[in-house]
Amino acid sequence: MAKDKTQFTCSECGGTSPRWLGKCPHCNAWNTLVESVAESSAPSKNRFAALAPTAEVKSLSEIEAQDVQRTPTGLDELDRVLGGGIVEGGVVLIGGDPGIGKSTLLLQALDALQKQSLDTLYVTGEESGAQVALRSRRLGLDGSQVKVLAEIQLEKILATLDAVRPAIAVIDSIQTVYSEQLTSAPGSVAQVRECAAHLTRAAKASGTAIVLVGHVTKEGALAGPRVLEHMVDTVLYFEGDTHSSYRLIRAIKNRFGAVNEIGVFAMTERGLKGVSNPSAIFLSQHAEPVPGSCVMVTLEGTRPMLVELQALVDTGGPSPRRLSVGLERDRLAMLLAVLHRHAGVACMDQDVFVNAVGGVRISEPAADLAVMLAITSSLRGRPLPKGFIAFGEVGLAGEVRPAPRGQERLKEAAKLGFSVAVVPRANLPRKAERGGTELFPGMTVHGVDRIEEAMDLARSLA
């Protein structure tokens, strides 16, 4: 019997090579080539031919533009991240750590859609139907009419989708699905790419919205080829600390809505519940102001959120440590240098620890001013005044640059009772600049141009 021809496939980019190499010739990654059985090169009809209808060339002005119709899932926080709801024929990829609550969230969403008289289908490749039913009882979804299919073969899943024609289907997870047309194991680069392509084209052809659950690697990135994220319409990351009851769902890509949108959930005995006011999570409850604490307003997509930044400056040794949780460590080192050069606050022999309360990650530079004020407060042992907030980007020359959508940030802070704000001068309310009535009653807004002005102002207010 003739031996099957083998080839070596890169697990990073999917490129192939006829022999093993230490370095992939396509993406230059090391030790990523894995042996697999090569597909037959015999001439045959391409398996994607039926999914590629012919189309004529048209100008943009001749093409009729239609607004996408959205179906709310019944979970407000999930709808916020999706941009308003599920889009007909859209494909959503959601990834997260094991046990974070992906299956729980999607089962709750399917049950809420089913109660809106929409046909739903839950395809599970990791659990049996009895296990899914047990979880639904645990979540209090008694009498749920969500259809469940325990299957991992792609061809059977596509046949079921064609027969049932659900409005929304969940594939849990894409790494467990395999196609008979390939000999590689489920979860391999070729299988994930092939199955995701077929399911994506099936969604576009039938109008069924499909949600793919994806595994993540040890580094937190979605497992499988990068092309998986390019094929789908929306990519969501489900994240959170396993020691905390709060979960964050973040949009990384969305063809039908805003990116970097965030939704906040609380894990309870009855599943995930949306948190309508997430600012309360990320603020510590202090009876009196404490040194080293400063509140800033960050933007996550379209939502302003108040986050408390805490700093601890302690006597260090010959090699002082710089540690940050929730912020970039390199940016912390840069801010300490600016603080020393332009504000005269030296921390070169001190250990500096910075933490964002609640496990939230802040990537925008608008947190610079609040971090520097918190560090100075901890170093001098003097708390900032009660009801104090600050935000603004700080440059290497010591200037304080404006943050985008400053009016919305101030409005959110005023709504939660904050009374003193230090912001870049360009973010001052326009009416307040002209000496007119205050836009935010009960709040005094101070504008600064340089970091030394902000330090002097905080010192006079404390």
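Only a predicted model underlies this, so the values are computations on that prediction, with no experimental measurement involved.

1. A look at the overall build of the chain
Helices and strands together make up the secondary structure of the chain, namely eleven helices and 23 strands. Taken over the C-alpha atoms alone, the chain extends approximately 85 × 55 × 55 Å along its principal axes. The long-range fraction of contacts in the chain, counting pairs at least 24 apart against all pairs at least 6 apart in sequence, stands at 67%. Within the chain, the 51 negative side-chain charges are centred at a point lying 1 Å from the centre of the 49 positive side-chain charges.

2. A closer look at the side chain of Ser324
Considering the arrangement of structural elements, one finds Ser324 in strand E17 (residues 322-325). Overall, the relative accessible area of 11% leaves Ser324 in the buried class. At 3.4 Å, the side chain of Ser324 forms a polar contact with the backbone nitrogen of Arg329. Residues contacting Ser324, with those up to four places away along its chain left out, are Arg329, Leu332 and Val354.

3. Some thoughts on helix H9 (residues 406-415)
Note on helix geometry: an α-helix contains 3.6 residues per turn, so any two residues three or four positions apart are oriented the same way. What H9 keeps buried is the set Gly406, Arg409, Leu410, Glu412 and Ala413. For H9, the angular spread of the buried residues around the axis is 160°, confining them to a single face. Facing away from the buried side of H9 by more than 90 degrees, the exposed set consists of Lys411 and Lys415. On its buried face, H9 sits against strand E15 (293-300), strand E16 (303-315), strand E19 (388-390), strand E22 (420-424) and strand E23 (444-448). Gly417, located one to two residues past H9, shows a positive phi value of around 90°.

4. Comments concerning unusual backbone geometry
The phi angle of most residues is negative, glycine excepted, and most peptide bonds adopt the trans form. The residue after Asp172, namely Ser173, is reached through a cis peptide bond having omega 5°. Within the secondary structure, Ser173 sits in the loop between strand E9 (168-172) and helix H5 (189-206). In this model, Asn28 sits at a positive phi of 65°, which is unusual for a non-glycine residue. Within the fold, Asn28 resides in the loop between strand E2 (16-17) and strand E3 (33-37). Residue Asn28 is classed as partly exposed on the basis of its relative accessible area, which comes to 48%. With a phi angle near 55°, Arg165 is a residue other than glycine that sits in the positive phi range. Summarising the element assignment, Arg165 is placed in the loop between helix H4 (154-164) and E9. The partly exposed category is assigned to Arg165, whose relative accessible area is 46%.

5. Regarding the packing of helix H2 (residues 102-114) against helix H3 (residues 129-138)
As a packed pair, H2 and H3 sit with axes 11 Å apart at the nearest point and diverge in direction by 75°. As summarised for this structure, H2 and H3 are arranged roughly perpendicular, according to the angle between their axes. Note on element contacts: H3 touches H2 through Val132, Arg135 and Ser136, opposite Ser103, Thr104 and Leu107. In terms of residue class, the contact of H2 with H3 is built from two nonpolar, three polar and one charged.

6. Focus: the packing of H4 against H5
The contact between H4 and H5 brings their axes to 11 Å, and the two run at 10°. As far as their axial angle goes, H5 and H4 are roughly parallel. For the pair formed by H4 and H5, the contact residues are Leu154, Ile157, Leu158 and Leu161 on the first element and Cys195, His198, Leu199 and Ala202 on the second. Residue composition of the contact of H4 with H5, grouped by class: seven nonpolar, one polar and no charged.

7. Overview of the pairing of E17
When E17 meets strand E18 (residues 350-356), the two strands line up parallel, connected through four bridges. Counted as the bridge partner of Ser324 is Val354 from E18. The handedness of the E17 to E18 crossover, carried by helix H7 (residues 329-343), is left-handed.

Cut-offs used in this document
Counting of residues starts from 1 at the beginning of each chain's written sequence and follows it residue by residue. Reporting in this predicted model follows two pLDDT cut-offs: at least 70 for local features of residues, and 80 or more for side-chain atom pairs to be given and counted; totals over whole chains, interfaces and linings ignore these cut-offs and use all residues. Note: side-chain values were computed over all heavy atoms of the structure, leaving out hydrogens and water. By definition, any uninterrupted DSSP run of H or I lasting at least four residues is a helix, any uninterrupted run of E lasting at least two residues is a strand, and each is numbered from the N terminus. In what follows, a contact means two residues having at least one pair of non-hydrogen atoms within 4.5 Å. The charge count treats Lys and Arg as positive and Asp and Glu as negative. His and the chain ends do not count. In plain terms, the charge of a residue is placed at NZ if it is Lys, CZ if Arg, CG if Asp and CD if Glu. Buried, partly exposed and exposed residues are distinguished by accessible area as a fraction of the type maximum, computed with a 1.4 Å probe on protein chains only: under 20%, between the cut-offs, and over 50%, respectively. Distance and chemistry together define a polar contact, namely a pair of N or O atoms within 3.5 Å, with one atom able to donate a hydrogen and the other to accept it when in protein, and with adjacent residues in sequence counting only for side-chain atoms on both sides. Directions pointing from the helix axis toward each C-beta atom define the arc. Lines fitted to the C-alpha atoms define the axes, with helices restricted to the stretch that makes contact. Angles between their N-to-C directions range from 0 to 180 degrees. Each angle receives one of four descriptions, namely roughly parallel if under 35 degrees, roughly antiparallel if over 145, roughly perpendicular if within 65 to 115, and oblique otherwise. Note on residue classes: Ala, Val, Leu, Ile, Met, Phe, Trp, Tyr, Cys and Pro are nonpolar, Asp, Glu, Lys and Arg are charged, and everything else, Gly too, is polar. In this analysis, strands are considered paired if DSSP registers two or more bridges between them. When the strands point away from the viewer and the connection leading from the first strand across the helix to the second strand turns clockwise, the crossover is called right-handed.

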